[in-house]
Protein chains: 2
Amino acid sequence: MGLLVLKFGGTSVATVPAIENVANKVAAEIGRGHKVAVVVSAMSGVTNQLVKYCTEISEIYDPREYDAIVSSGEQVTSGLLALALQKRGVPARSWQGWQVPIMTNDIHAKARIKSIETGLLRESLDRGEVAVIAGFQGLAPDGRVSTLGRGGSDTSAVAVAAALKAERCDIYTDVDGVYTADPRIVNHARKIARISYEEMLEMASVGAKVLQTRSVELAMKEKVPVQVLSSFETALGSDLPGTLVEDEENIVEQEVVSGVTHSRDEAKVTLRNLPDVPGVAAKLFGPLADAAVNVDMIVQNVSPGGERTDLTFTVPRADLPKTIEVLKESIKSLDGAQFESSADVAKISIIGIGMRSYAGVASKMFKTLAEKGINIQVITTSEIKVSVLISEEYTELAVRSLHTAYGLDGEDGKA
Amino acid sequence: MGLLVLKFGGTSVATVPAIENVANKVAAEIGRGHKVAVVVSAMSGVTNQLVKYCTEISEIYDPREYDAIVSSGEQVTSGLLALALQKRGVPARSWQGWQVPIMTNDIHAKARIKSIETGLLRESLDRGEVAVIAGFQGLAPDGRVSTLGRGGSDTSAVAVAAALKAERCDIYTDVDGVYTADPRIVNHARKIARISYEEMLEMASVGAKVLQTRSVELAMKEKVPVQVLSSFETALGSDLPGTLVEDEENIVEQEVVSGVTHSRDEAKVTLRNLPDVPGVAAKLFGPLADAAVNVDMIVQNVSPGGERTDLTFTVPRADLPKTIEVLKESIKSLDGAQFESSADVAKISIIGIGMRSYAGVASKMFKTLAEKGINIQVITTSEIKVSVLISEEYTELAVRSLHTAYGLDGEDGKA
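Bear in mind the structure is a predicted one, so any value in this text is a computation, not a measurement. (Residues numbered from 1 in each chain as written. Chains lettered and ligands numbered in written order. Predicted model: local features only at pLDDT ≥ 70, side-chain atom pairs only at ≥ 80, totals over all residues.)

Let us now look at the overall build of chain A. Within chain A, the regular secondary structure consists of 12 helices and 20 strands. At 24 Å, chain A has a C-alpha radius of gyration in line with the 22 Å of a compact globule built from 415 residues. The C-alpha extent of chain A, read off along each of the three principal axes, is 75 × 55 × 35 Å. The buried share of chain A, reckoned over its 415 residues, is 48%. (Helix = DSSP H or I, 4+ residues; strand = E, 2+ residues; numbered from the N terminus. Rg over C-alpha atoms; globule rule 2.2 N^0.38 Å. Buried ≥ 20, exposed ≤ 12 C-beta atoms within 10 Å, placed from the backbone.)

Shown next, in the form of structure tokens:
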């Protein structure tokens, strides 16, 4: 049996009894003959409390001190899990980022992992110890602790799995896998057994908040199979109880469409009567980028007379007020341009590797929505995804209709 | 102006506003031209919570993991204080024990500082930064975090002061100095302006819980002047508002008796009818030492006939049940011996460097107590201390009488 990397998030280690539960899962994998490295987050709520202390002192803070402070949460859980394993007779030791070391770049608070020294870790694993590694943290070139940004523990886990050439990285979370659609909306949504990295990336970017995007990118780059599973519901002993994210080559039966996602975290901005000359887009999107507004879907209409044009784009709903502020300034230099905005929109996406080989996938989406009387405001596509912006009130209807249209409905609820 | 080391305990950094208050004090010392290194404890209550997590998992735990867990508290406060200083325009950075590094021995959870590398610290101080050092922790030879045991932050501060050859180490705590007696008992108790290391050591060992004993020992060895002062009441700008603990040579006007202390944390055990032969004491005190009971005052009476003797000693009151258990076993081999115990005792001590040069100091103590009708049960003396064990109900009367007898009363309450 090979090496497994198991990652447990904040809700999985929120209390001492929860940590004991995690220790049972780790002990079970040891019992099945695996070597195990574990990556842990901070107890749920702890990181928020630590961030709150920082912002109470100053809204603008030194990210090196922020890192020293917030990295303490993972340090505590790694030690506690090591103790809980030792109590079960499983040799274990905790590792802080600087002890491994997990080397990062120098962008404190948003650091990226550059390399992981595996020498000490391997010696420990070869002695039969479980390595319990504090997630979310590393050692910056300045010799100080760095953190990877929110959700960074997923990335830590995948990076450790890649460095140790692990058989698999199991990400334990509070959902038991990736679904064909949000089960709260679609009764007949099915858990997906296997999904490609590319599809998972598209899902992560359009609202399925199961895995952090960076961790999927890294897994794809390093070809680390990643399983998403629940730390609360998963039956011990089952071989692959969650959703396995892996290389598409390993997925024998590919669906044309793997899933339908939705995001209400959208707002739409339309600019009318723009001069249709070079540099207009730069004048609009430059200041938005400076204001850290992440523009998503962009559609520019063909201008009939060749002199004026319309432009529509979406931004995160929370950034709409900031976007309006910035645009009020920007359009002053764009003679006669006007803009309007709406937050009552939702983005619906269909995602599937199979789209590459099948024609008519997008047109089925448009036809399905049209039959339900749902107007499409904006369309964007990628190689394996079609996204449409619709009026928010049609969200559930759209998701359910598409789920049925692409043959994703399970027989009897969760399958 | 030279370098000051300031140490702030858990109550001084218990909340963000308290940390802001500490930052003001540090900024004031910077404003007066000092270079400053600060040593901080964890926020009050945090270490207890972390220890509780450990013991919830297992009463017997790996001290290396315990150290990884509990050292996180100081890490957080050092970062927060650095942020609060930066907000005030005072350059500052936090230092964890492993970053300095503060090297300790390998006795995890009760480590002792072996050496402190000052190279990086000095560079930082020379750049004009305040060094905010996490107390209570260091780096063990195994490359893992070690902690110094409870109260270890005082020791960290004195060790840092010694390593950096600081002008003084100021220990900020929740009392404003060392008093001639407990002000809760003696209205006319006076704050002592200057006291010798030796006297402070004796005071620390007999109940005046202002400074941790090890830190005073270290200060004496390294000749570091230590000031005890309050982080809440001290007026800024006063030169020496607290009590300065220093070499006796520097104290010009020495009192014969500097202070009167009391401790109710005592229990008395008397063994009767012991065989007066070699090895008896070993048979009694060996098993108590094995049970980690710290025996304090020991008095063996001269045996009249030469065959049987009585022995009285004191133990911490909390250890009395354990002591009784151990003795029940021990006396089985001491034919005919019996024992009795009492927890209703108090130890009263007078302490003063001046005792060395003046005769009659102890006899004045006995006479004073006799005049008040207080019976002395046990007497022990050191070069600069006389301690007596009395019935607990006379504690306040004894302390007040002695305070007056040795001329320690102030004019109008606190002086």
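Quick look at the sheet that holds strand β6 (residues 130-134) of chain B now. Residue and element names in this part refer to chain B. Across the sheet, eight strands lie side by side as β3-β6-β2-β1-β9-β11-β12-β10; this open sheet has mixed pairing. Each edge of the open sheet is held by one strand with a lone partner, namely β3 (92-95) and β10 (194-196). If you compare each strand with its neighbour and ignore which way they point, the axes differ by 20° on average. Alignment of strand β11 (residues 226-230) against strand β12 (residues 243-246), held across three bridges, turns out to be antiparallel. Looking at β12, one finds that Val228 is bridged to Thr243. (Pairing = 2+ DSSP bridges. Axes fitted to C-alpha atoms, helices over the stretch in contact; angles between N-to-C directions.)

Turning our attention to the interface of chain B and chain A. Each side of the interface is counted separately: chain B has 27 residues, and chain A has 27 residues. Listing elements by their share of the side of chain B that touches chain A, those giving two or more residues are α2 (46-57), α3 (63-70) and α4 (72-87) of chain B. Examining the composition of the side of chain B that touches chain A, we find that 10 residues originate from one element, α4(B), more than from any other. Each residue belonging to the side of chain B that touches chain A can be placed in one class, and the counts come to 13 nonpolar, nine polar and five charged. (Contact = placed C-beta atoms within 7 Å. Nonpolar A, V, L, I, M, F, W, Y, C, P; charged D, E, K, R; others polar.)

The next point concerns the nonpolar core. Counting 248 residues, the largest nonpolar core has A:Val38, A:Leu81, B:Val38 and B:Leu81 as the members making the most contacts within it. Ignoring anything within four residues of it in the chain, the contact list for A:Val38 reads A:Leu6, A:Phe8, A:Val26, A:Leu81, A:Val130, A:Val132 and A:Ile133. (Core = buried A, V, L, I, M, F, W, Y, C linked by C-beta atoms within 7 Å.)

On to the relation of the copies chain B and chain A. Mapping chain B onto chain A calls for a rotation angle of 180° and an axial translation of 0.0 Å; the resulting RMSD is 0.1 Å. Classification of the inter-copy transformation places it as that of a two-fold axis. When C-alpha distances to the rotation axis are compared across chain B, the minimum falls at B:Ser72, with a value of 2.7 Å. When the interface residues of chain B are mapped onto chain A, 100% of them again lie at the interface, so the same face is used by both copies. (Least-squares fit on C-alpha atoms with pLDDT ≥ 70 in both.)

Right, let's talk about the confidence of the model for chain A for a bit. Looking at chain A as a whole, its pLDDT mean stands at 91, while 95% of the residues score no less than 70. Predicted as a complex, the structure gets a pTM of 0.86 and an ipTM equal to 0.83. (pLDDT = per-residue confidence, 0-100.)

Time to look at the packing of helix α2 (residues 46-57) of chain A against helix α3 (residues 63-70) of chain A. Residue and element names in this part refer to chain A. Contact geometry of α2 with α3 gives a least axis separation of 9 Å together with a crossing angle of 145°. Here α2 runs over α3; the crossing is right-handed. Of the residues in α3, those in contact with Thr47, Leu50, Val51, Tyr53 and Cys54 of α2 are Tyr66, Ile69 and Val70. (Left-handed = near helix turned anticlockwise from the far one by under 90°.)

Next up on the list: the sheet that holds strand β15 (residues 298-300) of chain A. Residues and elements named next belong to chain A. Overall, antiparallel pairing links the four strands, which are arranged β15-β16-β14-β17 in an open sheet. Looking at the sheet topology across the chains shown, the edges are occupied by β15 and β17 (338-342). Recorded for the sheet is a direction-independent mean angle of 15° between the axes of neighbouring strands. By the bridge criterion, eight bridges tie strand β14 (residues 266-275) to strand β16 (residues 308-316) in an arrangement that is antiparallel. Counterpart to Thr270 in the pairing with β16 is Thr312.

Residue and element names in this part refer to chain A. Secondary-structure assignment places Arg168 in strand β9 (residues 168-173). A residue is classified by how many C-beta atoms lie within 10 Å of it, and Arg168, with 18 of them, is partly exposed. With near-sequence residues (within four places) excluded, Arg168 lies in contact with Leu4, Pro225 and Gln227.

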